[in-house]
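Coordinate inspection notes
One letter stands for each residue in the lines below.
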Amino acid sequence: MKKVLVATDKPFAAVAVKGIRQIVESAGYELVLLEKYTDPADLIKAAEQADAMIVRSDLVTPDVIRAGKNLKIVVRAGAGYDNIDLPASTAAGVVVMNTPGQNSNAVAELVLGMLVYQIRNHFNGSSGTELLGKTIGLHAYGNVGKNVARIAKGFGMAVFAFDPFISSEEISNDGVTPVADIKELYTKCQVVSLHIPANEKTKKSINSDLLSLMPKGAILVNTARKEVINEDSLQQMFAEREDFRYVSDVAPDCLELLKEKFQGRFFVTPKKMGAQTSEANVNAGLAAARQIVDFFEKGDVRFKVN
């Protein structure tokens, strides 16, 4: 009997676990839960008997992969998968998948929620500004970007998008203006929302060359990864432009410096919050379980990322 390990130091909601169990056991597999663990050794030990694994932000290191002698597939319940060691997985013949789109509305709503909080001065009673008539640029136009565009248009914002992997026609069909050059996006838009992955090409790519192009009243929104930000450039922008603001659901390494020098001009959530809704929690978990069953029963590798 195949064993499916759900390893989550931040557990799925009970309703999600129930749904995952139903999918897994209906396929004739055994579900094994490892929740709220604090020692990485616990995950390594649990991986020893697993044929498949579902994780959230849990670190799937080379040690975990080596321990999983029977492991064939790891599914990240969410979009980002930089917590999984892809080279080690590939070398061991382990398929890695994500669950694209399942968290996208939750992240998109957070983008606009943080944005409103920032432009209304953290609701401190002083006069803020409105989103109506403002420009927002989407740096990448995947599932999250599309949902941000949908919501932003409801606020009456003009929406622009840069994504070299998506056709101008597809972007235009959504009522969004495609931008062919990344510098044009930053030049045109008062707000830029980041939806790029963290990889060798994108790490520290959001730098002074781009940020300095943004018009007066610039706001950078980051619900991607902290690694895509060049933090020296971020600090430089704060120091040189009093109009610049930053909001994110992932704290930069320079957070204490920002607190010391630039209070009121940034907002950072206490922990990564993009997917933290009950709906996204359930959607991603169930999708991961279905993908594992489809992989074993049908050989479906549609969402493979390695």
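For the structure itself, look to the data block above.
Figured I'd write up the structure that's included with this text. Treat the numbers as computed from the prediction; the structure is a model and nothing was measured.

A few words now on helix α5 (residues 104-119). Working note: α-helix, 3.6 residues per turn, so residues spaced by three or four point in the same direction. A rise of 1.5 Å per residue sets the reference length of α5, with its 16 residues, at 22 Å; its end C-alpha atoms lie 23 Å apart and thus fit the reference within 8%. Listing the buried residues of α5 in full gives S104, A106, V107, A108, L110, V111, L112, M114, L115, Q118 and I119. Summarising the contacts, the buried residues of α5 are in contact with α6 (143-154), β9 (191-194), β10 (219-222), β11 (245-248), β12 (266-268) and α12 (278-298). Where α5 ends, the next residue or the one after it, N121, has phi of about 55°, a positive value.

Of note, H122 is a non-glycine position whose phi angle comes to about 60°, a positive value. Given a relative accessible area of 22%, H122 falls into the partly exposed group. For K204, which is not a glycine, the phi torsion comes out positive at approximately 60°. Within the secondary structure, K204 is located in the loop between β9 and α9 (208-211).

The next subject is empty space enclosed by the protein. Inspection of every chain in the model, using the stated rule, returns one cavity of 30 Å³ or more. Taken as a whole, the largest cavity holds about 40 Å³ of empty space. For the lining of the largest cavity, the residue count by class is two nonpolar, one polar and three charged.

Taking strand neighbours across the sheet as the criterion, the seven strands line up as β8-β7-β6-β9-β10-β11-β12 in an open arrangement whose pairing is parallel. Strand pairing shows two members of the sheet lacking a second neighbour, β8 (177-178) and β12, which therefore form its edges. When strand β7 (residues 158-162) meets β8, the two strands line up parallel, connected through two bridges. Its bridge partner being in β8, F160 is matched across the sheet by T177. Contacting β6 (135-139) and β7, α6 crosses the sheet at an angle of about 170° to β6.

Conventions used here
Residues numbered from 1 in each chain as written. Predicted model: local features only at pLDDT ≥ 70, side-chain atom pairs only at ≥ 80, totals over all residues. Heavy atoms only, no water. Helix = DSSP H or I, 4+ residues; strand = E, 2+ residues; numbered from the N terminus. Expected span 1.5 Å × (residues − 1). Buried < 20%, exposed > 50% of the residue type's maximum accessible area, 1.4 Å probe, protein only. Contact = heavy atoms within 4.5 Å. 1 Å grid on protein atoms, 1.4 Å probe; cavity = no way out; pocket = protein on both sides within 12 Å on 5 of 7 lines; lining within 4 Å. Points joined across faces, edges and corners; volume = space filled by probe spheres on them. Nonpolar A, V, L, I, M, F, W, Y, C, P; charged D, E, K, R; others polar. Pairing = 2+ DSSP bridges. Axes fitted to C-alpha atoms, helices over the stretch in contact; angles between N-to-C directions.

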